[in-house]
Amino acid sequence: MIEKMEDQELRRKSRRQLLKLAPVAALGVFAFSRLSDPLVAAGVRFSDWASSALFRSQHLAPTFSMSDVVPFSAFPYNGYDVTDPGVDLEKWTLTVEGDVQHPGEYKLSQIQALSKISQNTRHICVEGWDVIGAFGGTRISDFLNLVGANTSARFLEVECADDYYESIDMASVLHPQSLLCYEMYGQPLDRGHGAPLRLQMPTKLGYKQAKYLETIRVTSVLKPGKTGYWEDQGYSWFGGL
Amino acid sequence: MANEEEKKLPPEPPPARSAEDASTAEIVAYIDPVSPATRESAPPVSEPVPQAEPLEEPVLVRAAYEHPLPIRITHWVNAVSVFVMVTSGLRIFRAFPTFGPKIPEKVLLDIPKALTLGGWLGGALQWHFTFMWFFAASGVLYLAYQISSGHYRTVLFTTKDISGVWPMARHYFLFGPKPPVSGQYNPLQKLAYTSTIGFGVLSLLTGLVLYKPAQFSALAWLLGGFHLTRIWHFAAMCGFLAFIPGHLIMVVLHGWSNFFSMLSGWKREPEYQE
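Residues numbered from 1 in each chain as written. Chains lettered and ligands numbered in written order. Predicted model: local features only at pLDDT ≥ 70, side-chain atom pairs only at ≥ 80, totals over all residues.

### With respect to the overall build of chain A
When helices and strands are counted, chain A shows 5 helices and 11 strands. In terms of overall dimensions, chain A is more spread out than a globule: its C-alpha atoms have a radius of gyration of 24 Å, far above the 18 Å expected for 241 residues. Dimensions along the principal axes, computed over C-alpha positions, put chain A at roughly 90 × 40 × 35 Å. Every one of the 241 residues in chain A was classed for burial, and the buried ones make up 39%. Considering only contacts within chain A whose residues lie at least 6 apart along the sequence, 69% involve residues at least 24 apart. (Helix = DSSP H or I, 4+ residues; strand = E, 2+ residues; numbered from the N terminus. Rg over C-alpha atoms; globule rule 2.2 N^0.38 Å. Buried ≥ 20, exposed ≤ 12 C-beta atoms within 10 Å, placed from the backbone. Contact = placed C-beta atoms within 7 Å.)

### Some thoughts on the packing of helix H7 (residues 187-211) of chain B against helix H9 (residues 226-264) of chain B
Residues and elements named next belong to chain B. H9 packs onto H7 with a crossing angle of 150° between their chain directions and a minimal axis gap of 8 Å. As summarised for this structure, H7 and H9 are arranged roughly antiparallel, according to the angle between their axes. The two elements H7 and H9 cross, and the hand of that crossing is left-handed. Of the residues in H9, those touching H7 at Ala192, Ser195, Thr196, Phe199, Leu202, Ser203, Thr206, Gly207, Val209 and Leu210 are Phe226, Thr229, Arg230, Trp232, His233, Ala236, Met237, Gly239, Phe240, Phe243 and Gly246. In the contact of H7 with H9, the residues fall into 11 nonpolar, 9 polar and 1 charged. (Axes fitted to C-alpha atoms, helices over the stretch in contact; angles between N-to-C directions. Parallel < 35°, antiparallel > 145°, perpendicular 65-115°, else oblique. Left-handed = near helix turned anticlockwise from the far one by under 90°. Nonpolar A, V, L, I, M, F, W, Y, C, P; charged D, E, K, R; others polar.)

### Focus on the nonpolar core
Leu156, Val158, Cys160, Leu180, Cys181, Leu199 and Leu213 of chain A are the most contacted members of the largest nonpolar core, which totals 34 residues. With 5 residues, the top contributor of residues to this core is strand E8 (residues 179-184) of chain A. Setting aside residues up to four positions removed in sequence, Leu156 of chain A forms contacts with Ser167, Ile168, Met170, Val173, Ile216 and Val218 of chain A. Counting residues in each nonpolar core, the second largest holds 25 residues, with Val40 and Tyr235 of chain A together with Val84 and Val86 of chain B among its members. (Core = buried A, V, L, I, M, F, W, Y, C linked by C-beta atoms within 7 Å.)

So this is what it looks like as structure tokens:
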């Protein structure tokens, strides 16, 4: 639609419309790293909040048949530091702390005595790669039940033999596919994959699924700056899929 | 251009009027202070007196309000978002620069760090997870506005535009004759804009699947699974990268008035007639 008007009139209209657009220039704050660093960190917190709201506690991640599972040799050993922190598998116990009725040391056999779940699920790394693997273990929710955990607490904290640490929202912990995993491909978990016990959660990214578990703690309060090894450096805390 | 028109104005121009009340008759009836009568009584001078041009034509500028405010806002928010999403996305891709297996990992494309944003994977993800909201919001607002206002008709590529694509492409790329321009956008522009909007929708849907493959497992399945979705997501970015240079070159070629219209909405002296 072409209109005709005096030059001044066009200038006045243009100027007024230009001013209306001006607030968009506020995005320029992202050009300054001192401002953008906290802003993008806040953006991740907002995304985490949305992810947590989006999470469906009973919706299952896809599972696969054995023919879709990659060969064991194609399942990467991926650690932040070492692939074998030298856990003494004979003397190993899982320390249970926090908001539980029966804190203490639990043997692997006590965990294995709970009903076993086998699942072929996709393991997705934050880097972008994914592998479908075969996992076996017990539901975390079953174990929390055994130790009398207060599942209305907000988080599960874990500490590992390689000094890795994680914390996970309780809704994801209680998900039916969230396992205390002690088997892969029908064999006891090997050292590279986190022997004797790791988290295996197809609703979480790989870095949430801590290996070489030593301590788990039920709590509603996380220590600031100590929420997860990678999270403390900037990864999304929720890390949900 | 603007200055020339100002010079044509008499010393004391009439007060500014809006386009509605500035009728031709009024302007023609405006009395030139340097009227022929005044000039006749003046003593003759050796140098010729500059003749003021008679105001046969009203001094009006043609202008079109091309880009309504919602379009301008979403265009610029989207421009910034696409820049951030592409540069941070390339940094994320660097962490696993292939579409093959993890074992053995073969680098498909080594993206220079200088082209990326975020410094490391975690930093890039922070940018990506922040600007995905701006990207999504600008896209959703844009589509909602275009559809509800009917403004989409100026930009949507339809079957009747197909025949016009080749003549326009021949004009741009092979120096062919310029086909007559009717609406705000020519068929080639419509094709470029419409497909880029398609890339936007694709990048958003594939991004949703990559971000939440378990929550959106049905959508992941529709897109061919997580692995293929990562390829679609990259392909959508390539679509943007194919569009942007051509878009920027065209903006430069069409000059300031065209560029400024995406800031102020108004385009001075548009090249089309209706």
